[in-house]
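What follows is each chain in one-letter form.
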Amino acid sequence: MKKTVDYNIYLIGFMGAGKSTIARTLVREQGCSLVEMDERIVEEQGMSINEIFEKYGEDHFRDIESRLVEDLGKKRGMVVSCGGGVVVRKENVQNMKSSGKIVFLTATPETVYERVKNSTDRPILNGHMNVEYIAGLMEKRRALYEEAADLTIATDGKTRDEICREILKKLEG
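Just so you know, these numbers come straight off a predicted model, no measurement behind them. (Residues numbered from 1 in each chain as written. Predicted model: local features only at pLDDT ≥ 70, side-chain atom pairs only at ≥ 80, totals over all residues. Heavy atoms only, no water.)

Trainee: Can you walk me through the overall build of the chain in this structure?
Mentor: Helix and strand content of the chain: 8 helices and 5 strands. Order of helices (α) and strands (β) in the chain, N terminus to C terminus: β-α-β-α-α-α-β-α-β-α-α-β-α. Here the chain has a C-alpha radius of gyration of 15 Å; the compact-globule value for 173 residues is 16 Å, and the two agree. C-alpha extents for the chain along the principal axes are approximately 45 × 35 × 25 Å. Put simply, of all contacts in the chain between residues at least 6 apart along the chain, 73% involve residues at least 24 apart. Of the roughly 9,000 Å² that the chain leaves accessible, carbon and sulfur atoms contribute 46%. Mean positive and mean negative side-chain charge positions of the chain (27 and 29 charges, respectively) differ by 4 Å. (Helix = DSSP H or I, 4+ residues; strand = E, 2+ residues; numbered from the N terminus. Rg over C-alpha atoms; globule rule 2.2 N^0.38 Å. Contact = heavy atoms within 4.5 Å. Areas by Shrake-Rupley, 256 points an atom, 1.4 Å probe, with all protein chains shown as cover. Lys, Arg positive; Asp, Glu negative; His and termini not counted. Charge placed at Lys NZ, Arg CZ, Asp CG, Glu CD.)

In structure tokens:
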């Protein structure tokens, strides 16, 4: 029988690190609820992330994201696939830590590029879809991810099941 955790598992990392894929696999393994933050925001706002950025700007999007993190922190037993920039606000990190464990999924800039190169719904990368730009942006956020993380898992060259086993082993240990 699957044991549901009594805390939330927040997956953070740069876009293309595997947060959504790993979240779905963890949910299947653990019997938890799944929350895709970006999908939830799109559903609640009735517009795409790109549209929110274009119409209202990044600060407005971050306000929506922060309210969602706060709401999620009131519940337990969820796997949350966070938006790539959730760590830019310290209050988000504090809210996540108070209700769960933060898992930082890493990938090289080359891996990220391969995973997102055909995507059109990455507003931060629009017009900058190349390894060099991705590497620069990843470096800008790296310290924020590392500071927030309770554990860090590299995703390069591993299957989703291998990654999930590694996460669960480290969380239980």
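Trainee: Explain the nonpolar core here, please?
Mentor: Most often, soluble globular proteins keep nonpolar side chains buried together rather than apart. Ranked by internal contacts, the top residues of the largest apolar core, which has 34 residues, are Ile 12 and Met 96. Grouped together as the second largest cluster of nonpolar side chains are 19 residues, Ile 9, Ile 22, Ala 23 and Val 27 included. (Core = buried A, V, L, I, M, F, W, Y, C linked by side-chain atoms within 4.5 Å. Buried < 20%, exposed > 50% of the residue type's maximum accessible area, 1.4 Å probe, protein only.)

Trainee: It is not clear to me how the pairing of strand S3 (residues 78-81) should be interpreted in this structure. Could you clarify?
Mentor: Each regular strand displays side chains that alternate between the two surfaces of the sheet. The alternating pattern of S3 places Met 78 and Val 80 on one face and Val 79 and Ser 81 on the opposite face, and all of these are buried. Both strand S1 (residues 8-12) and S3 contribute to a ladder of 3 bridges, which runs parallel. Bridged to Ile 9 within S3 is Val 79. Relative to S3, strand S2 (residues 33-36) is paired through 4 bridges, and the arrangement is parallel. Across the sheet, residue Ser 33 finds its bridge partner in S3, namely Met 78. (Pairing = 2+ DSSP bridges.)

Trainee: Would you mind showing me how to read the pattern of salt bridges here?
Mentor: Pairing is possible between side chains of opposite charge, provided their charged atoms come close. A full pass over the atoms with the stated rule returns 12 salt bridges. Glu 36 serves as the salt-bridge partner of Arg 24, at 3.8 Å between the closest nitrogen and oxygen. Pair noted here: Arg 24 is in helix H1 (residues 19-30) and Glu 36 is in strand S2, with a separation of 12 residues, a long-range link. Relative accessible area serves as the criterion here: at 44%, Arg 24 is assigned to the partly exposed category. Taking the shortest distance from any N to any O, the salt bridge between Glu 139 and Arg 142 comes out at 2.6 Å. Residue Glu 139 and its partner Arg 142 are located together in helix H7 (residues 131-148), separated by 3 residues, close to a single helical turn. (Salt bridge = Lys/Arg side-chain N within 4 Å of Asp/Glu carboxyl O.)

Trainee: When you look at the layout of surface pockets in this model, what are you seeing that I'm missing?
Mentor: Each pocket or cavity is described by its volume, and for the second largest pocket that value is around 190 Å³. Every element with two or more residues in the lining of the second largest pocket is listed here: strand S4 (100-106), helix H6 (109-116) and H7. In terms of residues, the lining of the second largest pocket owes the most to one element, H7, which gives 6 residues. Grouping the constituent residues of the lining of the second largest pocket by class yields 10 nonpolar, 2 polar and 3 charged. (1 Å grid on protein atoms, 1.4 Å probe; cavity = no way out; pocket = protein on both sides within 12 Å on 5 of 7 lines; lining within 4 Å. Points joined across faces, edges and corners; volume = space filled by probe spheres on them. Nonpolar A, V, L, I, M, F, W, Y, C, P; charged D, E, K, R; others polar.)

Trainee: I would appreciate a short explanation of the pairing of strand S5 (residues 151-154) in the present structure.
Mentor: Here S5 shows a buried face lined by Leu 151 and Ile 153 and an unburied face lined by Thr 152 and Ala 154. Sheet topology note: the S4/S5 ladder contains 4 bridges and is parallel. Its bridge partner lying in S5, Leu 105 is registered against Ile 153.

Trainee: I keep staring at the packing of aromatic side chains and nothing clicks. Help me out?
Mentor: Aromatic rings in a pair are described by how distant their centres are and how their planes are angled relative to each other. Scanning all chains against the criterion turns up 2 aromatic pairs. Ring geometry for Phe 53 against Phe 61: centres 5.2 Å apart, planes inclined by 45 degrees, an arrangement best described as tilted. A single burial state applies to Phe 53 and to Phe 61, both of which are buried. Centroid distance Phe 104 to Tyr 145: 5.0 Å. Interplanar angle 25 degrees. Geometry classified as stacked. Here Phe 104, found in strand S4, pairs with Tyr 145, found in helix H7; they are 41 residues apart in sequence, far enough to count as distant. Classification of Phe 104 by relative accessible area gives buried; the value is 6%. A residue is classified by how much of its surface remains accessible, and Tyr 145, at 2% relative accessible area, is buried. (Phe/Tyr/Trp six-rings, centres within 6.5 Å; stacked < 30°, edge-to-face > 60°.)

Any functional reading would require information that these geometric values do not contain.
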